Amino acid sequence: MSDHGDSTSESRGEESEAAEREAAKRRLLAQAEADRVPVEETTRAVPDRRWRRDH
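Notes on the structure follow. (Residues numbered from 1 in each chain as written. Predicted model: local features only at pLDDT ≥ 70, side-chain atom pairs only at ≥ 80, totals over all residues. Heavy atoms only, no water.)

If you tally the helices and strands in the protein, you get two helices and zero strands. For the protein, the proportion of its 55 residues judged to be buried stands at 0%. Working note: accessible area of the protein is about 5700 Å², and carbon and sulfur atoms make up 52% of it. (Helix = DSSP H or I, 4+ residues; strand = E, 2+ residues; numbered from the N terminus. Buried < 20%, exposed > 50% of the residue type's maximum accessible area, 1.4 Å probe, protein only. Areas by Shrake-Rupley, 256 points an atom, 1.4 Å probe, with all protein chains shown as cover.)

Given below as C-alpha coordinates:
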(Lines give C-alpha, C1' and ligand atoms only; values in the text may rest on other atoms or scores of the structure.)
Protein backbone atom coordinates (compact mmCIF):
# COMPACT_ATOMS: atom_id res chain seq x y z
CA MET A 1 0.00 0.00 0.00
CA SER A 2 3.01 2.33 0.22
CA ASP A 3 2.82 2.77 -3.57
CA HIS A 4 -0.64 4.25 -3.15
CA GLY A 5 0.73 6.87 -0.75
CA ASP A 6 3.46 7.79 -3.21
CA SER A 7 1.03 8.21 -6.09
CA THR A 8 -1.21 10.38 -3.90
CA SER A 9 1.64 12.74 -3.08
CA GLU A 10 2.67 12.76 -6.76
CA SER A 11 -0.81 13.66 -7.92
CA ARG A 12 -0.96 16.36 -5.24
CA GLY A 13 2.31 17.74 -6.57
CA GLU A 14 0.97 17.67 -10.11
CA GLU A 15 -2.22 19.43 -9.01
CA SER A 16 -0.18 22.10 -7.27
CA GLU A 17 2.01 22.54 -10.37
CA ALA A 18 -1.09 22.81 -12.55
CA ALA A 19 -2.54 25.40 -10.18
CA GLU A 20 0.72 27.37 -10.30
CA ARG A 21 0.76 27.22 -14.11
CA GLU A 22 -2.86 28.40 -14.20
CA ALA A 23 -2.08 31.26 -11.81
CA ALA A 24 0.95 32.24 -13.88
CA LYS A 25 -1.13 32.16 -17.06
CA ARG A 26 -3.75 34.40 -15.46
CA ARG A 27 -1.06 36.85 -14.35
CA LEU A 28 0.39 36.93 -17.86
CA LEU A 29 -3.03 37.47 -19.41
CA ALA A 30 -3.80 40.24 -16.91
CA GLN A 31 -0.46 41.90 -17.69
CA ALA A 32 -1.06 41.59 -21.43
CA GLU A 33 -4.51 43.09 -21.04
CA ALA A 34 -3.06 45.97 -19.02
CA ASP A 35 -0.39 46.59 -21.70
CA ARG A 36 -2.83 46.24 -24.60
CA VAL A 37 -3.11 49.26 -26.88
CA PRO A 38 -6.65 50.08 -28.03
CA VAL A 39 -7.28 49.66 -31.76
CA GLU A 40 -8.16 53.34 -32.08
CA GLU A 41 -4.61 54.24 -31.07
CA THR A 42 -2.92 51.74 -33.39
CA THR A 43 -4.81 52.91 -36.48
CA ARG A 44 -3.98 56.58 -35.98
CA ALA A 45 -1.37 57.92 -38.41
CA VAL A 46 1.83 58.83 -36.62
CA PRO A 47 4.94 60.02 -38.41
CA ASP A 48 7.68 57.43 -38.13
CA ARG A 49 11.11 59.03 -38.34
CA ARG A 50 13.03 55.77 -37.89
CA TRP A 51 13.09 55.20 -41.64
CA ARG A 52 14.62 58.61 -42.32
CA ARG A 53 17.74 58.14 -40.14
CA ASP A 54 19.77 56.61 -42.95
CA HIS A 55 19.19 59.55 -45.30
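Moving on, there is more to tell.
Our next topic: the pattern of salt bridges. Inspection of the entire model under this criterion finds four salt bridges. A salt bridge links Glu 17 to Arg 21, with the nearest nitrogen and oxygen atoms 3.9 Å apart. Taken as a pair, Glu 17 and Arg 21 lie in helix H1 (residues 2-35) at a separation of four residues, close to a single helical turn. Judged by its relative accessible area of 46%, Glu 17 is partly exposed. Taking the shortest distance from any N to any O, the salt bridge between Arg 26 and Glu 22 comes out at 3.3 Å. One end of the pair, Arg 26, and the other, Glu 22, are both in helix H1, four residues apart, so they sit about a helical turn from each other. The network of salt bridges with common partners includes Glu 22, Lys 25 and Arg 26. (Salt bridge = Lys/Arg side-chain N within 4 Å of Asp/Glu carboxyl O.)

Fair warning: the whole summary comes from geometry, so function is off the table for now.
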